Amino acid sequence: MDLMEAINTRTMVRDFLDQPLKEEEKQLILESAIRAPTAGGNEQWYFVAVESKDSLDGLHKLLVDAQRAYFTEMLKVPWPKDQIEKWEKKVEAGLYKAPFYVAVFTDMRARYYTRSDVEERWAEQSAAAAIENMLLAAHGMGIGGCWFGVPLLMEDKFYEFFKVNKEEMRLVAVLAFGYPKQKPSPRQRKKSLKEVVRSF
Ligand SMILES: Cc1cc2nc3c(=O)[nH]c(=O)nc-3n(C[C@H](O)[C@H](O)[C@H](O)COP(=O)(O)O)c2cc1C
């Protein structure tokens, strides 16, 4: 797939077939992560590949809890009860259940700068670039992916789950990957280019 086509057709996939990814596909996704640009060339990122059945089940449960917190606590206008019930039915049918997840952290064990606040933002930006690389690499192989930011709403539960020391590694996101149940169409943008770009 041509690069512009990949960028223009990528869209988040949340419903996956119950079918494992091939080892080489998982490897290519992870390799694409570390090909991303990284601030200062410092590679302050760390990835946990989740692939055993128990870990996949445990992480799916946590993601559902975090997503529920988003709908009920994070949104200024929380979802009404009937909408939550409809969503719960989709969760029961396997929404967000993936054969492969990648948790993305910034690795702040080694520090290189005098300004730790800026360093942390740069590390997070590098991790975000790695995330987009993984999503695009997966998409190019016909694999759907979803970027989950909701773990930050209950991050301590995720540090506990991943057995990660939060003083050293900061959770950025969890990504889900799998073969899509349906071929999703790319989502329209609400704002036009004109609204978000100013020539100067
Ligand atoms: C930082 C970030 C966090 C996100 N977190 C979630 C999430 O927790 N759950 C989810 O279902 N989608 C999440 N998404 C996906 C967005 O909802 C999605 O990118 C957006 O609706 C645009 O759709 P598209 O990526 O399919 O074009 C996140 C995306 C980003 C960039």
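Everything that follows concerns the structure shown earlier in this document.
Residues numbered from 1 in each chain as written. Predicted model: local features only at pLDDT ≥ 70, side-chain atom pairs only at ≥ 80, totals over all residues.

Participant: Sorry, what's going on with the overall build of the protein chain here?
Facilitator: A count of helical and extended segments in the protein chain gives seven helices and four strands. When the helices and strands of the protein chain are placed in sequence order, the string is α-α-β-α-α-β-α-β-α-β-α. The C-alpha radius of gyration of the protein chain comes to 18 Å, within 12% of the 16 Å expected for a compact globule of 200 residues. C-alpha extents for the protein chain along the principal axes are approximately 50 × 45 × 40 Å. By the burial criterion, 28% of the 200 residues in the protein chain qualify as buried. (Helix = DSSP H or I, 4+ residues; strand = E, 2+ residues; numbered from the N terminus. Rg over C-alpha atoms; globule rule 2.2 N^0.38 Å. Buried ≥ 20, exposed ≤ 12 C-beta atoms within 10 Å, placed from the backbone.)

Participant: Any chance you could explain the sheet that holds strand β4 (residues 169-178) here in plain terms?
Facilitator: Sheets are built from strands that pair by backbone hydrogen bonding, the pairs being arranged parallel or antiparallel. One open sheet holds the four strands; their spatial order is β1-β2-β4-β3, and the pairing between them is antiparallel. Across the chains shown, the open sheet's two edge strands, defined by having one partner strand only, are β1 (45-50) and β3 (144-148). With strand direction ignored, the average angle separating the axes of adjacent strands in the sheet is 20°. Strand direction decides the pairing type here: β1 and strand β2 (residues 100-107), joined by six bridges, are antiparallel. Among the inter-strand pairings, Val 48 is bridged to a residue of β2, identified as Ala 103. Packed onto the sheet, helix α2 (residues 23-33) meets β1, β2 and β4 and runs at close to 165° relative to β1. Here helix α3 (residues 53-74) sits on the sheet in contact with β1, β2, β3 and β4, set at roughly 110° to β1. (Pairing = 2+ DSSP bridges. Axes fitted to C-alpha atoms, helices over the stretch in contact; angles between N-to-C directions. Contact = placed C-beta atoms within 7 Å.)

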